[in-house]
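# Notes for the structure review
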Amino acid sequence: MNFALSVLRLMCLAWLWPVALFKGSNTQNQRRHKDVYLGENTQHKHGGRIDFKTKKSDSTKSLLIKSEQLLRIEDHDFAMRPGFGGSAIPVGIDVQVESIDSISEVNMDFTMTLYLRHYWQDDRLAFPSSNNKSRTFDARLVKKIWVPDVFFVHSKRSFIHDTTMENIMLRVYPDGNILYSVRITVTALCSMDFSRFPLDTQNCSLELEKFANDLMLYWKNGNDSLRTDEIALSQFFIEEFHPSFGLAFYSSTGWYNRLYINFILRRHIFFFMLQTYFPTMLMVMLSWVSFWIDRRAVPARVSLGITTVLTMSTIITGVSASMPQVSYVKAVDIYLWASFLFVFLSVIEYAAVNYFTTVEEMKKLQKGKLPASYDATQAMAYDGCFHDDIDVSPFPELPTTPSTTRTIPPRASSTEPPPTEGTRLWRKRSVGKNIRFIMSNSYMIDSYSRIIFPLAYLLFNIIYWCIYS
């Protein structure tokens, strides 16, 4: 019985053995065809080099792995700079300014977008090359090697552009020379002087400095290391762009060399002429209109004076709101406050005219030169001028009495000859008498103001623009 079972098992094995061999041969052929397919694809993408150890078909990752192997990144400690323990490593800087995005007077800063390029040599990244061509990498490899720790002094905000990928480029040459370029937008402090605003010129600079003390920064190509694109600003002309360098001392760490990107900005004046200076001039000239209005037209002259004063206050407030709160006087402040003074004096002038007119009429009423029925509100311009629309009643005749009759004494004989025909006698008056004469003839104040105010304002403008322009 046992013998029969053994024979049956042998017959089953003999029948299944050819089937197992046939399936095994098919599986090996399929694997062989897949390897050949992957090899052909790899050979096509990488210029004839076949890597059968690639686990995934991601060509980018396989290329990065080969680049790391080519540069021997795993064989060195890139946490330390090249030549650690020796002399300072020179790092060349090259800058291309793409744009100046904004300039803020209130915050006293500017925003600039630029390409910052670093040049140095790291022998650890040297690689053999038959054609002496460089290799270019992106930000993924930058994170695995040493790069200079350059920062912006007095920087408020800064960031590296990352659309659509991080704007970083690393170029390695066979001899170990490295170019590291990055696109940055930085907002930095600019100490502005507004004493001549808006006729001012501002000197701003973007400062670059090393954070470690074992680097030596320098401009790669001298003055040609700073290049700019076509830059147009709304409020400024860019007069000059030039690089420079200097030293900075820190009491705890010592001396550091510093690079400067200097640029000079000259402000456009036309905008402020339209928004500030021309409206101010018109308000001052409008205040002079009151000198030609009847001195007894109190509502007209007072409302005109108050309107011009309030308008000047609004202009001054608007200019101050757009400027930083500095502790010194600006050029625009001098012009606005001087113009405000002219407007204010025109209001004071009418107050003086009105007061002197009232005093003059009261004296005439007391002396009887005006009739008792005289109404000061009706005689709107009693200033000795002819007016068609005013009916001034005649003065009553004073009775003639012997006591009031004046006798002219005879002229004493004199040896002096009488004045010849055509000769006028001039009598000199003192300053006090002139003032009393003007006070008794208050209409003359308006007459003089029509000339003095425009001449004084014209003289002020000449002096102002000669000094600040």
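Parameters at a glance
Residues numbered from 1 in each chain as written. Predicted model: local features only at pLDDT ≥ 70, side-chain atom pairs only at ≥ 80, totals over all residues. Heavy atoms only, no water. Helix = DSSP H or I, 4+ residues; strand = E, 2+ residues; numbered from the N terminus. Buried < 20%, exposed > 50% of the residue type's maximum accessible area, 1.4 Å probe, protein only. Contact = heavy atoms within 4.5 Å. Areas by Shrake-Rupley, 256 points an atom, 1.4 Å probe, with all protein chains shown as cover. Patch = residues over 30% accessible without salt bridge, like charges linked within 9 Å, V, L, I, M, F, W, Y side chains within 5 Å. Salt bridge = Lys/Arg side-chain N within 4 Å of Asp/Glu carboxyl O. pLDDT = per-residue confidence, 0-100. Core = buried A, V, L, I, M, F, W, Y, C linked by side-chain atoms within 4.5 Å. Phe/Tyr/Trp six-rings, centres within 6.5 Å; stacked < 30°, edge-to-face > 60°. Lys NZ or Arg CZ within 6 Å of the ring centre and 35° of its normal. Pairing = 2+ DSSP bridges. Expected span 1.5 Å × (residues − 1). Disulfide = S-S within 2.5 Å.

### Side note on the overall build of the protein
The secondary structure content of the protein amounts to eight helices and twelve strands. Residues classed as buried in the protein amount to 35% of the 469 residues present. Contacts in the protein between residues at least 24 apart in sequence constitute 75% of all its contacts with a sequence separation of at least 6. Surface summary for the protein: the accessible area is close to 30700 Å², and the carbon and sulfur share equals 60%.

### A short note on a nonpolar patch on the surface
A cluster of nonpolar side chains, Y448, I451, I452, L455, L458 and I462, forms an exposed patch at the surface whose accessible area comes to about 600 Å². With respect to the element layout, I452 can be found in helix α8 (residues 443-468). On the basis of relative accessible area, I452 is assigned to the exposed category, the value being 52%.

### Observations regarding the confidence of the model for the protein
Residues at a pLDDT of 70 or more form 69% of the protein, whose mean pLDDT is 79. Predicted confidence is poor over residues 31-65, with pLDDT under 50, and the contacts of this stretch with residues over four places away or in other chains come to 15 contacts. In the predicted structure, residues 401-407 sits below a pLDDT of 50 and forms two contacts with residues beyond four places in sequence or in another chain.

### Some details on the nonpolar core
The biggest cluster of nonpolar side chains holds 78 residues, and the ones touching the most others in it are I93, V95, F110, L116, L170 and L206. Broken down by element, the residue count for this core peaks at eight residues, all from helix α6 (residues 331-367). Look past the residues within four positions of V95 in its chain and what remains in contact with it is L114, Y115, L116, W219, S225, L226, R227 and I261.

### Section: the packing of aromatic side chains
The tally for this structure, following the rule as stated, stands at 25 aromatic pairs. Taken together, a centroid distance of 5.2 Å and an interplanar angle of 85° make the contact between F271 and F272 edge-to-face. For F272, a relative accessible area of 11% translates into the label buried. Here the aromatic rings of Y335 and F460 are separated by 5.6 Å at their centres, their planes lie at 35°, and the arrangement is tilted. Linking Y335 in helix α6 with F460 in helix α8, this pair joins segments that are 125 residues apart in sequence. As far as burial versus exposure is concerned, Y335 and F460 are alike and both buried. Following the ring pairs from residue to residue traces out a cluster consisting of Y277, W288, Y335, F342, Y457, F460, Y464, W465 and Y468. The residue whose ring lies beneath K220 is Y119, and the NZ or CZ to ring-centre distance is 5.1 Å.

### With respect to the pairing of strand β12 (residues 254-267)
The buried count for β12 comes to twelve of 14 residues, which makes it a mostly enclosed element. Alignment of strand β8 (residues 201-210) against β12, held across nine bridges, turns out to be antiparallel. Following the sheet pairing, T201 is matched in β12 by R266. Alignment of strand β11 (residues 236-250) against β12, held across 14 bridges, turns out to be antiparallel. Paired with A248 across the strands is Y256, a residue of β12. Counted between consecutive antiparallel strands, the loop separating β11 from β12 contains three residues.

### Concerning α6
Its 37 residues place the ends of α6 54 Å apart at the C-alpha level, agreeing with the 54 Å of an ideal helix rising 1.5 Å per residue. Immediately beyond the C-terminal end of α6, within one or two residues, lies G368, with a positive phi of roughly 80°.

### With respect to the state of the cysteines
Considering all chains together, one arrives at one disulfide under this definition. A sulfur-sulfur separation of 1.9 Å characterises the disulfide bridge that pairs C190 with C204. Across the S-S bond linking C190 and C204, the dihedral sits near -80°, which makes this disulfide left-handed. On the criterion of sequence distance, the pair formed by C190 in the loop between β7 (177-189) and β8 and C204 in strand β8 is long-range, its members being 14 residues apart. Here C190 and C204 have matching classes, each one buried.

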